[in-house]
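Structure assessment
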Amino acid sequence: MRRRGLVAGALALSATAAKGQSWPTHPIRMIVPYAPGATGDIMGRLFGEELGKSLGQTVVIDNKTGAGGTIAMAETARAPGDGYTIAVVAQGTLVYNIGLYKTPGYDPLKDMVLLSINIAVSNILIVHPSNPARTVADVLAQARAKPGEFTYSSGGIGTSHHMSGVLLEMRSGVKLQHVPYRATPAGINAVATGEVAMGMFNTPTVIGQIKAGKLKAIAITSPRRSELFPDLPTMIESGVKDFVVDTWLGFGAPASLPPAMVTRFNAELNRISQLPAMREKMVAQGIDVQPPLSTQQARKFLEDDMGLWLPIIKASGATAE
């Protein structure tokens, strides 16, 4: 009887242990700091579907917009580290916001773990089709002719569109006038209607209008030419030294997430990013799939990016408060 009791006890412990190791047992929430249809939302949904297949649980998208993504990131940082809350993160939410907000509500290096960096989206310098400019040098000449009056639009303070303008000022010495709009479509429309002189917007958001002839593309902010626009030179090729704006996106989680789960998420997200079908969908929208990075490499990338952009934001005087 004693032996039978010991066996039963062992089986019970084994069952308990197995139950504890069966993560995930219910749906995983993916916090997305962007509205439906935005680049980050598209990426989150595509990756979430594949991630759900791998883990055997549904990944539920939770669009939580507002305050430049600080609300979403603060909620992610405060969530339990149990593997049931992850988030879409980006250069804007983990780097720009730290320079723009005095109290963003989270520290990307202490409160969160960067699970992966999966894609990058460049901007395209656009002008109205009637603008005679054909090169970046032409645009800069126009700006120098009207110092402080040559306007560029953005989808809001702290966006990559805004930071592209800030970087152009610093790299070229021109003085521009930033005109922030409430959303990206409005900022793009301002260029298309001639309300502003130029803009630098995410490639996926301007592809259609460029091909339709409603916008003229001058250069791209990526480190290399786009497969969609092979004849479009980069800003560096156009003579603007050290000018690269390649807005990266990936996934993050609370810093308290156990190392084993961090490793699992990293492996799955990197695997998904390299799927041929996934790469095809991304490239078709002007999105560059990034080489897989370990979580240690991703953190180093984040630290280096903060070292680059925080001084630029500080020097620009830009603030979101």
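Residues numbered from 1 in each chain as written. Predicted model: local features only at pLDDT ≥ 70, side-chain atom pairs only at ≥ 80, totals over all residues. Heavy atoms only, no water.

Leu94, Leu125, Leu168 and Met198 are the most contacted members of the largest nonpolar core, which totals 47 residues. Here this core takes six residues from helix H11 (residues 295-316), the largest share from any one element. Aside from chain neighbours lying at most four places away, what touches Leu125 is Val136, Val139, Met198, Gly199, Met200, Lys216, Ala217, Ile218, Ala219 and Met235. (Core = buried A, V, L, I, M, F, W, Y, C linked by side-chain atoms within 4.5 Å. Buried < 20%, exposed > 50% of the residue type's maximum accessible area, 1.4 Å probe, protein only. Helix = DSSP H or I, 4+ residues; strand = E, 2+ residues; numbered from the N terminus. Contact = heavy atoms within 4.5 Å.)

Below, the discussion takes up unusual backbone geometry. Here the bond from Trp23 into Pro24 is cis, since omega is -5 degrees, no more than 30 degrees from zero. For Pro24, the position within the fold is in the loop between helix H1 (2-20) and strand E1 (28-32). Notably, Ala67 is not glycine yet its phi reads approximately 55 degrees, a positive angle. With respect to the secondary-structure elements, Ala67 resides in the loop between strand E2 (59-63) and helix H3 (70-78). When its relative accessible area of 39% is taken as the criterion, Ala67 is described as partly exposed. Not every positive phi belongs to a glycine, and Asp242 is a case in point at roughly 55 degrees.

Our next topic: the packing of helix H2 (residues 39-55) against helix H10 (residues 276-284). Between H2 and H10, the least distance of the axes is 12 Å, while the angle of their chain directions is 170 degrees. What the angle tells us is that H2 and H10 run roughly antiparallel. Together, Met43, Leu46, Phe47 and Glu50 of H2 and Met278, Lys281 and Met282 of H10 make up the contact between the two elements. Grouping the constituent residues of the contact of H2 with H10 by class yields five nonpolar, no polar and two charged. (Axes fitted to C-alpha atoms, helices over the stretch in contact; angles between N-to-C directions. Parallel < 35°, antiparallel > 145°, perpendicular 65-115°, else oblique. Nonpolar A, V, L, I, M, F, W, Y, C, P; charged D, E, K, R; others polar.)

At a minimum axis distance of 11 Å, the contact between helix H7 (residues 184-192) and helix H8 (residues 203-211) shows a crossing angle of 35 degrees. For the crossing formed where H7 meets H8, the hand is right-handed. Seen from H7, the contacting residues are Thr184, Ile188 and Ala192; seen from H8, they are Thr205, Val206 and Gln209. Class assignment of the residues belonging to the contact of H7 with H8 gives a composition of three nonpolar, three polar and no charged. (Left-handed = near helix turned anticlockwise from the far one by under 90°.)

Let's shift gears to the packing of aromatic side chains. Applying the stated criterion across every chain, the model contains four aromatic pairs. Look at Trp23 and Phe265: their rings are 5.5 Å apart centre to centre, the planes differ by 75 degrees, and that puts the pair in the edge-to-face class. With Trp23 in the loop between H1 and E1 and Phe265 in helix H9 (residues 259-273), the pair connects residues that are 242 residues apart, well separated along the chain. Here Trp23 matches Phe265 in class, with each residue buried. Arranged with centres 5.9 Å apart and planes meeting at 85 degrees, the rings of Trp248 and Phe301 form a pair that is edge-to-face. Pair noted here: Trp248 is in strand E9 (residues 246-254) and Phe301 is in helix H11, with a separation of 53 residues, a long-range link. (Phe/Tyr/Trp six-rings, centres within 6.5 Å; stacked < 30°, edge-to-face > 60°.)

Two faces make up the sheet, and in a regular strand the side chains alternate between them. Relative to strand E6 (residues 176-180), strand E5 (residues 150-154) runs parallel, the two sharing five bridges. What sits directly across from Ser153, in E6, is Val179. The handedness of the E5 to E6 crossover, carried by helix H6 (residues 160-172), is right-handed. (Pairing = 2+ DSSP bridges. Right-handed = clockwise from strand over helix to strand, strands pointing away.)

Below, the discussion takes up the side chain of Thr295. Note on placement: Thr295 falls in helix H11. Separated by 3.4 Å, the side chains of Thr295 and Gln296 make a polar contact. Excluding residues within four positions of it along the chain, Thr295 makes contact with Leu114, Leu115, Val262 and Asn266. (Polar contact = N/O pair within 3.5 Å; in protein donor to acceptor, adjacent residues only side chain to side chain.)

This part takes up the environment of Thr295. With a relative accessible area of 17%, Thr295 lands in the buried category. Residues Thr295 and Met163, spaced 132 residues apart in sequence, show a C-alpha to C-alpha distance of 26 Å.

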